[in-house]
Amino acid sequence: TGAGVLGDEDARTNRGCTFIAIRPAALIDQQAFDSSVSRLAQRLRESRPAAGVEAVVLPGDRSRAKRHECLQSGAIAVERLVLDDLRELAAG
């Protein structure tokens, strides 16, 4: 955000970030909102990808596909170093 240039960049209170949470149901019928978001997501996914890119993906698409793949195969891919660390921890 660049806010760190205004003071102590290590200070907890000098981050310059704002988070706003909105409950859509307070403004619109929840089903109408969900339907609208689903239609928008579908249009985005169907749009032409940039040159050299296989497909347009949205946040969460890859993790959902990976979860589905893991559920289907019954296995979770774990990097060798992580697996070694887990085995070491398990051995005590």
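See above for the structure.
On a predicted model such as this, the values are computed, not experimentally measured, just so you know. (Residues numbered from 1 in each chain as written. Predicted model: local features only at pLDDT ≥ 70, side-chain atom pairs only at ≥ 80, totals over all residues. Heavy atoms only, no water.)

> Would you take a moment to explain the overall build of the protein chain for this structure?
Each helix and strand counted, the protein chain has 3 helices and 0 strands in total. Ordered by position in the sequence, the α and β elements of the protein chain form the string α-α-α. In the protein chain, which comprises 92 residues, the share counted as buried stands at 7%. Total accessible area on the protein chain is roughly 8500 Å²; 55% of this is exposed by carbon and sulfur atoms. (Helix = DSSP H or I, 4+ residues; strand = E, 2+ residues; numbered from the N terminus. Buried < 20%, exposed > 50% of the residue type's maximum accessible area, 1.4 Å probe, protein only. Areas by Shrake-Rupley, 256 points an atom, 1.4 Å probe, with all protein chains shown as cover.)

> Can you walk me through helix α2 (residues 61-73) in this structure?
Side chains of residues three or four places apart in an α-helix project in the same direction, reflecting 3.6 residues per turn. Across its 13 residues, α2 extends 18 Å between first and last C-alpha, which sits within 8% of the 18 Å expected from 1.5 Å per residue. A positive backbone phi angle near 75° is found at G74, which sits one or two residues after α2. (Expected span 1.5 Å × (residues − 1).)

> I keep staring at the pattern of salt bridges and nothing clicks. Help me out?
Think of it this way: side chains of opposite charge can pair up when their charged atoms draw near. One pass over the full model with this rule turns up 3 salt bridges. The partner of K66 in a salt bridge is E69, with the nearest N and O atoms 3.2 Å apart. Taken as a pair, K66 and E69 lie in helix α2 at a separation of 3 residues, close to a single helical turn. Classification of E69 by relative accessible area gives partly exposed; the value is 45%. (Salt bridge = Lys/Arg side-chain N within 4 Å of Asp/Glu carboxyl O.)

> I tried to follow helix α3 (residues 80-91) on my own but got confused; where do I start?
End to end, α3 covers 16 Å across 12 residues, agreeing with the expected 16 Å (1.5 Å per residue, within 8%). Across the 12 residues that make up α3, only a small minority, 0, are buried. Remark: G92 follows α3 within two positions and exhibits a positive phi of approximately 85°.

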